[in-house]
Amino acid sequence: MPHKLMSLRHFNSWKSEILLLADQYEEDDAGYLDVQLSDSKHPPPELSPMPPGLSPQQIVRRHILSSIVQSERSYVESLKRILQEYKKPLMEAEPKLMSLRKLRVVFYRLREILQCHSMFQIALSSRVTEWDAMEKIGDLFVASFSKSMVLDVYSDYVNNFTNAMALIKKACLTRPAFLEFLKRKQASNSDRITLYGLMVKPIQRFPQFILLLQDMLKNTPRGHPDRLSLQLALTELETLAEKLNEQKRVVDQMAEIQQLAKSVGDRQLNKLLSSGQRQVALCETLTETVYGERGQILKSKERRVFLLNDLLVCANINVKSQPDISSLVPVGPKYTVKWSAPLLQVQVVEVGQEGKGYDKDTVIFQHPGSKKSSSTSLSTKIYMGPPRLYQELWELQQDLVVVNQIMQLISKLNGTYRNLNLTVAQDWARALQRLIRIKEDEIQSANKCHLRLLLPGKPDKSGRPVSFMVVFNTPNPRSKISWVNQLHMAKVALTMENQPGWFCIEDDEKTKPPFWCPLLACHMPIYGSKCQDLKPEAALHAPVQSSLLGISNASTCLAQGYLWIGSGREQGQGQVDLFSLNRSTPRHVKSFQVTSRVLCMEYIPQKFRGEEDVDCPWEKSAGNPVIVLGLQDGSVVGYGGVDMATQCLFTFKSPGEMPVVCLKHLLDVLFAGLENGTVAVYTRAAEGNWDWDSPRSVKVGSAPILSLLAVDDTMWVGCRNRVTLIDVNRFTSRVMSTGCYCQMFLDAHPDEDVNVTQMMKAGGGVWMAFSAGSSIRLFHTETLEHLQEINVVPRSALFTPGQKNVLVTCLLVCQGMLWVGTNQGILVTLPVPKLEGIPKVTGKGMISLNAHCGPVEFLIPTIGSLDLDMLKSESSEDVHKCHESDGKDDSSSQESIQDLHQDKKQGISLCYGLHSISHLPGQLLSAHDIEAQASESSPEHSIEDGSIYEIVDDPDVWVRSRSSVPEVIKKEKVSSVAIVSGGRGYQNFNRDFKPTVHTSRENTLMIWQIPLTL
């Protein structure tokens, strides 16, 4: 009875909300001017026949334009169908199948969307007619979809979509005539598309536009009059799509939380969910699996798992709906909350890590499938998933030791036996090594799709805490990685430094920072107590492709590799410090001295040898990554970039021993910007060796070269207020060109005394910062046109105007954010597009409440990637099936085995074929029937004897003389990104913008972590 009363209360509340929305929508429609467009006066656009003499690229552009025209025509027809075939009959129906007020909610803003695209179609028709003369379409997209009206009507539609679907679903359940109307309309259409299928098209429209314009831009050459407008159009559409996606995400998560709150019997939990303070970080249907002590599956059931800000909730899925309805409109499931746990008390436990991170003596495990537990039935160790894997691995390793001892004994035999000799014993050893590898892969497979969580339970009678373990099977390894990473990130978000960590620059107290803000993972001192006089000058990330040790480590650690930090004193030696990033917190691993202060650093990646370069006589060091340091005394020093070996590869002096202010590598050419305004250019020969002794010098100006930037095949050189573009191809040809190397010039700032200090490329633009003022400027990479100027200093209490001028000291573009570091230690992020459009600032910026006390000396992205192919393999249950059939005879032919497994991915990379023993002398020792062996027509054995060879029936691994057929699979990557800033001191601002200075003199690293990109 209480449950029915609660459901009725929720229904009445939902009904009142819908009626209020209907009144609001009626008022909005009253102010809308409906403009009717005649198809006869404005026919749909149609491309004229293709003229002769077009280039292949022009032909491709015409085909893409034709796709745009057809796509838009189909979209407009879909909008008309909704209004003419659904809305109009429902409005005129007698008796009413749905009230007029509810119909306004269902079809809200569709007329306005049709109006926008009808006007766009008229303009498109005119542009298509002039296509062969102009070949421009990008400016049309900018003019049509940069208007605020477009964002407004689409935002209203997206925000209302969930309510519209809820009304349709409710009408289907309560009004059979309405359900029959929808079924009849669907059956009468040739494409059989449902009302839901039509109404979801506006949500999908802008991603379709983006794909078409990306293809058009790809086939638009440089210098084409449509190229810049296409890039601007991509920027506008991506910004629009991002805003709509974010709004839909918020609406969807609110609907999920409301649905979850309705199913909660616990008043306190219901109050938490209904407070509006909870956000859904991740929500997915997972399969909960209960294992027995021997690893067998006892039961499994689908659960809906919700990861909220500070709570993990697991719910049963109750799907009770008519199948006719689900085919017409999505019917969301109802939930019954099974358990919830505070996020900080949830722990991910991988296979083999039992007992790590918690005290076995104080924690009691109970079987997740048992309803009752007593202290006598509880044990401190349970086996879940593949059982006793590490014990079995140890046993195999011991067996290998024994086989090696047997090999020594066989060497002492007096008789000769065909399959009892050193050759066969070596086969045994190789087979055991392969089994060890399989067991290691099996241990890793246990972690690939199994999410094991340790959750807090109620204390037992003695007051001891009881924890229980749940195991969820994720749909794929990608899902497992996402859950582990999001659980880790949600816990980081609950730390004091991130509560809050950011605030919007133009915050009106009605908007909250988005949930995807970068999170401060940690802050730590750079130097020890004896090196406090050092000043950090430069830093870089040296990526390392290390093997995957575990999904949890890969999902929670920073990008794999090492962080190099170069520093020094005004007079004296410099120092380089290395930090390992293969964990959730950087760890200092090494320091070494250099002759002078480090001013700059550059990472030259490994040069991969192509097929045509197989015979190139490269030196070993030529193919390995190199880290180059530029020093105050004019030295250029190179170190090996493999792990932390730090082997010095070369040392030489710059021309005139001028201080090396900046370094940049591009296309086998290293550019060194010197203090006297000269750029020293070093090239790598075809053999792979660098020519350090005879650089080319390019005189750019008289002031120091403060910034270098690689853009396509040009090097941008900043000297004073001017940027000089140098053509790199003039240095990469076999016979170097002579004369002027400078291609173009750009006056980036009107004041000649102002220096270009920072340059950062993103998409089709370059952001620049200067030695004076707090403004940054955006320029087009191809036309050098000035596109945007932004003052990064907001009206904020964090900045202290009047004390000193705010300057920009660092720039970085990463993951759709423009990071700006200032001389006051404050960091600002501004949203920019991620695609290949123009990286204009497209929304509100945010200020970090975690800051340095002095200037931000560097901002470094640490980016790593994990190959998902390493994770995809057979499930652990499949491996068990193979083990269960160990003792069975394999009578199938090799062909049938190959057919059975041709679609399976090979999970073993050891290249080993079993040796044949038919040529060996002596009596055959076998466990098989001798008569069966005598009946063999061929002396060559198709399958080796002994069950040790029959453990797996994969022909690519076990069958003799059969080569493995490589599979062509598109590689999927998981990207890990963290942002590192360095500067003097660390301070944290509270909600009232009052700083708490933790350290003011100590040089500090701050590391922001960004969720994995899957």
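This one's a predicted model, so the numbers in the text were calculated from it and none came from an experiment.

Draft legend 1. Summary view of the overall build of the protein chain. Check the secondary structure of the protein chain and you find 22 helices and 38 strands. Per-residue burial over the protein chain gives 48% buried out of 1014 residues. Sequence-distant contacts, at least 24 apart, represent 66% of the contacts inside the protein chain between residues at least 6 apart.

Draft legend 2. Seen up close, the pattern of salt bridges. Going through the model one piece at a time under the given rule, you end up with 24 salt bridges. A salt bridge links Arg109 to Glu112; the shortest N-O distance between them is 2.9 Å. Like Arg109, the residue Glu112 is buried in the burial classification. Taken together, the salt bridges that share partners define one network made up of Arg61, Glu135 and Asp226.

Draft legend 3. Structural view of helix α8 (residues 176–188). With 13 residues, α8 should reach 18 Å at 1.5 Å per residue; the first-to-last C-alpha distance of 18 Å fits that figure. Within α8 the residues assigned to the buried category are Phe178, Leu179, Phe181, Leu182 and Gln186. One side of α8 holds all its buried residues, which, seen down the axis, span an arc of 155°. Exposed positions of α8 whose direction lies more than 90 degrees from the buried face are Pro176, Arg184 and Ser188.

Draft legend 4. Quick peek at the environment of Ile317. Along the chain, Ile317 turns up in strand β3 (residues 311–318). Separated by 13 residues in sequence, Ile317 and Arg304 place their C-alpha atoms 6.4 Å apart. Those residues within four positions of Ile317 in sequence are excluded, and the remaining contacts are Thr285, Glu302, Arg303, Arg304, Pro333 and Lys334.

Draft legend 5. Molecular detail of the pairing of strand β14 (residues 587–594). The sheet contact formed by strand β13 (residues 574–580) and β14 spans 7 bridges and is antiparallel. Looking at β14, one finds that Gln575 is bridged to Gln593. In textbook terms, the turn of a hairpin is the stretch between consecutive antiparallel strands, and for β13 and β14 this stretch comprises 6 residues.

Draft legend 6. Expanded view of the nonpolar core. Residues Phe141, Ile168, Met199 and Phe206 are the most contacted members of the largest nonpolar core, which totals 69 residues. The element best represented in this core is helix α7 (residues 148–174), accounting for 12 residues. Not counting residues up to four positions away in its chain, the partners in contact with Phe141 are Ile68, Phe120, Ser146, Phe209, Leu213, Ala233 and Leu237.

Draft legend 7. Spotlight on the sheet that holds strand β32 (residues 817–822). Strand order in this open sheet of 5 strands is β9-β34-β33-β32-β31, and the pairing throughout is antiparallel. The open sheet terminates on both sides in strands that have one partner only, identified here as β9 (502–504) and β31 (808–814). This sheet shows a mean twist of 25° between the axes of neighbouring strands, independent of strand direction.

Draft legend 8. Spotlight on the packing of helix α4 (residues 110–129) against helix α6 (residues 138–145). The contact between α4 and α6 brings their axes to 11 Å, and the two run at 160°. The orientation of α4 with respect to α6, classified from their angle, is roughly antiparallel. As for how α4 packs across α6, the hand of that crossing is right-handed. For the pair α4 and α6, the contacting residues are His117, Phe120, Ala123, Leu124 and Arg127 in the first and Asp139, Leu140, Phe141, Ser144 and Phe145 in the second. Residues of the contact of α4 with α6, tallied by class, amount to 6 nonpolar, 2 polar and 2 charged.

The rules behind the values
- Per chain, residues are indexed from 1 in the order of the written sequence.
- Residues qualify for local features only when their pLDDT is at least 70, as the model is predicted, and side-chain atom pairs are given and counted only at 80 or more; totals for whole chains, interfaces and linings, by contrast, use all residues.
- Side-chain figures throughout are based on the complete set of non-hydrogen atoms in the structure, without hydrogens or water.
- Each helix corresponds to a stretch of at least 4 residues labelled H or I by DSSP, and each strand to a stretch of at least 2 residues labelled E; elements are numbered beginning at the N terminus.
- For every residue, the accessible area obtained with a 1.4 Å probe (protein chains only) is divided by the maximum for its type, and the residue is called buried under 20%, exposed over 50%, and partly exposed between those limits.
- Two residues form a contact once any of their heavy atoms are found within 4.5 Å.
- Counted as salt bridges are all cases of a side-chain nitrogen of Lys or Arg within 4 Å of a carboxyl oxygen of Asp or Glu.
- Expected helix span is given by 1.5 Å per residue-to-residue step, counting one fewer step than there are residues.
- Here, the arc refers to the directions that run from the helix axis to the C-beta atoms.
- Paired strands, in this sense, are two strands between which DSSP finds at least two bridges.
- Each nonpolar core is a collection of buried residues, namely Ala, Val, Leu, Ile, Met, Phe, Trp, Tyr and Cys, held together in the definition by side-chain atoms within 4.5 Å.
- Think of each axis as a best-fit line through the C-alpha atoms, taken over the contacting stretch in the case of a helix, with angles from 0 to 180 degrees between the N-to-C directions.
- Angle categories are assigned with fixed cut-offs, so that under 35 degrees is roughly parallel, over 145 is roughly antiparallel, 65 to 115 is roughly perpendicular, and the rest are oblique.
- Note on convention: the crossing is left-handed when the near helix lies turned anticlockwise from the far helix by less than a right angle, right-handed when the turn is clockwise.
- Note on residue classes: Ala, Val, Leu, Ile, Met, Phe, Trp, Tyr, Cys and Pro are nonpolar, Asp, Glu, Lys and Arg are charged, and everything else, Gly too, is polar.

Just distances and angles here, no functional claims.
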